[in-house]
Every structure is written in structure tokens, then in C-alpha cells.
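Listed below are the residues making up each chain.
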Amino acid sequence: MAGHSTNGLSRRQFGFLAGAAAVAGAGSLATPSIVRAANAPRVVIVGGGPGGATAARYIAKDAGEALDVTLIEANPRYTTCFFSNLYLGGLRSFDSITHGYDALEANYGISFVNARASAVERDAQQVVLADGSRVAYDRLIIAPGVDVIHESVPGYSKEAEEIMPHAWKAGPQTKLLKERFDALENGQQIIIVAPPNPYRCPPGPYERASMFAHVLKARGHTASRIIILDYKPKFSKQALFAEGWEEFYPGMIEWYGPDVHGGIQGVDPETGTVETDFDTFTGALVNVIPAQKAGMIARDAGLADDTGYCPIDGASMRSAFDDNIFILGDASIAGAMPKSAFAANSQAKVAAMNVRGDLVGSKVFPARYTNTCWSLIETDNAVKVGGQYAPGAEGIASTSTFISQIHEPADLRKANTEEAAGWYQGITADIFGA
Ligand code: FAD
């Protein structure tokens, strides 16, 4: 890594006309309660999810007026993918999984710019917004999440997602999937096409199947079936899900890996079918979750490798390709860490510390990361997997792990559900500052 001296930053800032304040027209820049020094170094963050918004909050909170922090986010509000399966299962309202950025502006003096970033000019250290205006940065954090690769499933497309929703980005897709699900009648079949690794939230498709089954059971739709056609030969917490499905939804959920279906040949939105080597499956509802890659802004900026994701230095979350840029969350190649909100939030704190180290010379401690992913199988039954992580020879390495065990007592599984609910409340407060 090159040195990260702050020498020359002020010269660049003074010479630059199109700073965060100059893009006021592009978003709602509220009057911050913290007054920044006019020449404070500029930190710009693209993406207001668990990665980006956490980083923005921690940098603004810990640096006070020493840094000028701008958060650029395409949507005015953020709906969490995490707990969106509980919304599908009727256990959460859509409102309860949707969060605003007001507290970040009001309490931390972060400039929130509600706009899509269309490019990063790395040589000039500027982010270009959709309307052509530019935001200069001294350090840039990119946390755009993932893009789904429609064409990874033959027959699937941007248009087809209106008929076979993926709901792997929360918002209108999640509502559409719930509408389609709620319209099903007893005996109608649901198909979930589960993606190849690596993808966001490894246990997510199987928690989703559990939540669908929970609702079907409650509705008395005992003749309905959920078929999971998987690109992978095995999946996260497989033995735990298999045990839970047998206990709570016997005969209702069928999972087929490639050694059974022989390969997924494609989908046909017109007929609601999924073609495999083994058979053609027809669903009244087909939830296609395609392969994924880092959000476009990161790839277009030349920050991804041929995996489609962005390599980083595990000690800092700094891009392997640009010392002035940090990549967080799902878009990054974070070694042993899964693509989860918990992981993105944890990575954000390491990046925030390093950004402050770069720009205001604050002390940088060794990076430590953590993650836990809870999955709800039934209302009072959740399982979990997690671990601790540290920089290793090849990126971020796992230093300890834990996972729920089969045959655990019901009260332990119930305690997990309470822990998960507490985590949701805690992490959303940590991300959005409200
Ligand atoms: P995102 O959350 O995707 O945020 C990226 C943000 O960047 C978005 O708001 C987007 O609008 C914005 N953006 C993108 N490009 C631009 C641009 N060019 N300009 C401006 N803004 C832009 N994780 C858990 O920890 N626990 C769970 O229980 C869990 N359950 C899940 C269940 C499901 C069904 C799914 C799909 C995911 C689940 N996850 C869970 C995973 C979690 O949602 C993601 O890992 C997490 O959201 C990643 O955070 P991120 O900040 O990297 O990206």
C-alpha cells in the first residue's frame, strides 16, 4: 500500500469547486447540527445500506468537525433485505423494515445526497452523479451491494423479474413477491431457484422457503408444495433446515441439488416453468434468485476483478486497486466472511477507523470482524451461524466459528428468535442512527 499522508489534501480541496455543498440541488442537504471546518477533508460514501451508512455514521460521529462526510444514496429510504423473509411470512410489516436517513443528517451532520452515482473518476477523485454534477473526495467508500445477473439463468431477464420476482434486492420486488404469494390457492406449487455461490445471505433462500411454508401451514394450504431447485450441491445450515422442515412442515418442502436435477437449463416466464435435465417443473409462483456480482458503480470504476466482486486489503477494507477507495459489504471479496448485513456493518467500522487514520491521523487498531446470521424456521424456532474474523494471508480469515446443533431444545431455539429480533433493532439503530 502506498503511504496515506494527508499532505496535499488541503491544496486539492481548496482548488476544487464542486464539493458536497455544490451539489445541494441533487439532494436534501439539511442544516447539520455539526459545523464542519471549511477545509475539512472530504469523505464521500456511495451506497446507504449496512456498509455505507454505518461507515458514514462512524466517521462523522468519531471525527466530529474534522471531516466532511457526504452519503450518496439512490433511494430516499432503505428497505432491509434482512428480515424481508419475515415480512413474506407475515411476521413483520413493510414499514417496520424500512428506514430513513434523517437522523444521520440531523444528529451527525452527514450531507445526504439522494441521487444515483453514475461514475467514479479515480484520477480526479470525483464521483459523478446522474445529473452530471460532481462530488470531490479525499477518501471514497463504495458499498453498492450486488446486482443480480439476470442472464445467468437462461430465459430470465429484467422484464421477467416482474413475473418471476427475485426479491433479492428489497423494495418493490419484495412487495411483488408477497402479492404473488398471497394470491396462491391451496395445491398451487411454488418454485425457488437458488443461486450459485458467492451470493448475498447464504441461508436466505432456505429461510424464505421456511417462511412460505409457515404461511401455507397457517392457511391450511396443505396440498401446496415448495420446490427448491438449487445451483449448489449443498447449502448453509443444511442439516438444521432439513431437520426443521421435517419437524414443522413434513412433506411440504423439497430440495433438489444438481446431482438430482442434473442442471438448470432455464426458465420460461410465459409458462411458469423451470427446465432441468431431469424434468420440467411448473410453479404458480416462481422465485428466481440469479447469480450476483458487485453493484455496477464499483465494477465500472475498475474496482472488481474477473469474479465480478472487488478485492480488498483485509486489514483495512481498502480497495486492492486504489488506495483512496474502500469497498464494503456485499460488493467486496471479504474472504471467509459471508455477504451479510452483520458483516457489512462490521467491515464498515474497520474502514471508518482507517479513513480517520488516513485523514486526521487518528490511531488505527488491528482489524477484527464479526458476524452472526440467524434464520427463522418457524415462529419460535431460529438457528444461527457465525464467527470471528481477522486479516489473514489471503484476505479475511476466520478465527473462530459456531453453529446451532440439531436436536436442540425448543427454548434455546426460541431464545434465538428473541436474539435475532434484538439484533435487528440494534443493527438498524447502529446503521441509521435512529
Ligand atoms: P446494500 O444493502 O445492498 O446497500 C447498497 C445501497 O447502495 C443500496 O441502498 C443502493 O440503493 C445503493 N446504491 C447502489 N448503487 C448506487 C449508486 N450507483 N448510487 C447511489 N446509491 C447506490 N444479512 C444479515 O446479516 N442477516 C440476515 O438475516 C439477512 N437476511 C437476508 C435475507 C434476504 C432475503 C436477503 C436478500 C439478504 C439478507 N441479508 C441478511 C443480507 C443483507 O441484506 C446484505 O448482505 C446487506 O444488505 C449488504 O449491505 P451492503 O451495504 O453491502 O449493500
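Residues numbered from 1 in each chain as written. Predicted model: local features only at pLDDT ≥ 70, side-chain atom pairs only at ≥ 80, totals over all residues. Heavy atoms only, no water.

Glancing now at the overall build of the protein chain. Regarding its fold elements, the protein chain presents 11 helices and 25 strands. Whereas a compact globule of 434 residues would reach a radius of gyration of roughly 22 Å, the protein chain reaches 22 Å, a difference of no more than 12%. Once the C-alpha set of the protein chain is aligned to its principal axes, its extents read approximately 70 × 45 × 40 Å. Within the protein chain, the fraction of its 434 residues that count as buried is 57%. (Helix = DSSP H or I, 4+ residues; strand = E, 2+ residues; numbered from the N terminus. Rg over C-alpha atoms; globule rule 2.2 N^0.38 Å. Buried < 20%, exposed > 50% of the residue type's maximum accessible area, 1.4 Å probe, protein only.)

Another aspect to go through is the domain arrangement of the protein chain. Taken domain by domain, the protein chain comprises domain 1 (11–145 + 295–432) and domain 2 (150–291). The gap between the C-alpha centroids of domain 1 and domain 2 is 29 Å. Contact residues are listed per partner, giving 33 residues for domain 1 and 33 residues for domain 2. On the domain 1 side of the interface with domain 2, the three residues burying the most area are Asn85, Leu88 and Ile377, jointly 25% of the side's total. Where domain 1 packs against domain 2, one counts three salt bridges. (Domains from an automatic or database assignment. Contact = heavy atoms within 4.5 Å. Buried area = accessible area lost by both parts, 1.4 Å probe. Salt bridge = Lys/Arg side-chain N within 4 Å of Asp/Glu carboxyl O.)

All told, the structure shown has 20 salt bridges when counted by the stated rule. We note a salt bridge from Asp62 to Arg356, for which the minimum N-O separation is 4.0 Å. Within this pair, whereas Asp62 is found in helix α2 (residues 50–63), its partner Arg356 is found in helix α10 (residues 341–360), the two being separated by 294 residues in sequence. What emerges from the salt-bridge pattern is a single network uniting Arg57, Lys349 and Asp430.

All right, on to the sheet that holds strand β8 (residues 134–136) then. With antiparallel pairing, the three strands of this open sheet are ordered in space as β6-β7-β8. Where the open sheet ends on each side, the last strands, each with one partner, are β6 (117–121) and β8. Along the sheet, successive strands turn relative to each other by an average axial angle of 25 degrees, direction set aside. In this structure, strand β7 (residues 126–129) lies alongside β8, joined through three bridges in antiparallel fashion. Following the sheet pairing, Val127 is matched in β8 by Val135. (Pairing = 2+ DSSP bridges. Axes fitted to C-alpha atoms, helices over the stretch in contact; angles between N-to-C directions.)

Let us now look at the site of the ligand. In the vicinity of the ligand lie 36 residues, with Gly51, Glu73, Tyr78, Arg200 and Asp330 positioned nearest. Glu73 is positioned with one of its side-chain polar atoms (N or O) 2.7 Å from an oxygen atom of the ligand. Within the side chain of Asn75, a nitrogen or oxygen atom sits 3.4 Å from an oxygen atom of the ligand. Across the complex, the protein chains shield 94% of the 980 Å² of accessible surface that the ligand would expose by itself. Elements that contribute at least two residues to the shell around the ligand include exactly α2, β2 (68–73), α3 (84–88) and α10. Residues of the shell around the ligand, tallied by class, amount to 20 nonpolar, 10 polar and six charged. Looking at the shell around the ligand, you find at least three residues from each of domain 1 (11–145 + 295–432) and domain 2 (150–291). (Near = heavy atom within 4 Å. Polar contact = N/O pair within 3.5 Å; in protein donor to acceptor, adjacent residues only side chain to side chain. Areas by Shrake-Rupley, 256 points an atom, 1.4 Å probe, with all protein chains shown as cover. Nonpolar A, V, L, I, M, F, W, Y, C, P; charged D, E, K, R; others polar.)

Moving on to the packing of aromatic side chains. Enumeration over the complete set of coordinates arrives at 20 aromatic pairs. The interplanar angle of 65 degrees and the centroid separation of 5.3 Å between the aromatic rings of Tyr87 and Phe94 together place this pair among those described as edge-to-face. Residues Tyr87 and Phe94 agree in their burial class; the two are buried. Measuring from centroid to centroid gives 5.7 Å for Tyr101 and Phe432, while their planes differ by 70 degrees, and the two rings are edge-to-face. One end of the pair, Tyr101, is in the loop between β4 (98–99) and α4 (102–108); the other, Phe432, is in helix α11 (residues 410–432), and 331 residues separate them in sequence. An aromatic cluster of three or more residues is present, and its members are Phe82, Phe83, Phe342, Trp374, Trp423 and Tyr424. Just above the ring of Phe181 sits the side chain of Arg219; from NZ or CZ to the centre is 5.0 Å. The ring of Tyr309 is capped by Lys339, whose NZ or CZ atom sits 3.9 Å from the centre of that ring. (Phe/Tyr/Trp six-rings, centres within 6.5 Å; stacked < 30°, edge-to-face > 60°. Lys NZ or Arg CZ within 6 Å of the ring centre and 35° of its normal.)

Once that is clear, we can look at the packing of helix α6 (residues 204–219) against helix α7 (residues 238–248). Contact geometry for α6 and α7: axes closest at 11 Å, N-to-C directions at 5 degrees. Taken as axis vectors, α6 and α7 run roughly parallel relative to one another. Along the contact surface, α6 presents Tyr206, Glu207, Ala209, Ser210 and Lys217, while α7 presents Phe241, Trp245 and Phe248. A breakdown of the residues in the contact of α6 with α7 according to their chemical character gives five nonpolar, one polar and two charged. (Parallel < 35°, antiparallel > 145°, perpendicular 65-115°, else oblique.)

Looking now at the environment of Leu176. Relative to the elements of secondary structure, Leu176 occurs in helix α5 (residues 172–182). Taking the C-alpha atoms as reference points, Leu176 and Ile59, separated by 117 residues in sequence, lie 36 Å from one another. For Leu176, the contacting residues outside a window of four places in its chain are Glu161, Glu162 and Pro165.

It is worth spelling out α6 at this point. Taking 1.5 Å per residue as the helical rise, α6 with its 16 residues ought to reach 22 Å, and the 23 Å between its terminal C-alpha atoms agrees with that figure. Burial of α6 is extensive: 13 of the 16 residues sit out of reach of the surface. Immediately beyond the C-terminal end of α6, within one or two residues, lies Gly220, with a positive phi of roughly 80 degrees. (Expected span 1.5 Å × (residues − 1).)

One can describe the packing of α2 onto α11 by two numbers: an axis separation of 7 Å at closest approach and a directional angle of 60 degrees. Relative to α11, the element α2 lies oblique. Taking contact as the criterion, the partners of Pro50, Ala53, Thr54, Arg57 and Tyr58 in α2 are, on α11, Ala429, Asp430, Ile431 and Phe432.

Once that is clear, we can look at the sheet that holds strand β12 (residues 225–230). Pairing is parallel across the open sheet formed by four strands, whose spatial order is β13-β12-β11-β17. The outermost strands of the open sheet, each flanked by one partner alone, are β13 (253–256) and β17 (285–288). Neighbour to neighbour, the strand axes of the sheet diverge by 15 degrees on average, direction disregarded. Pairing between β12 and β13: four bridges, direction parallel.

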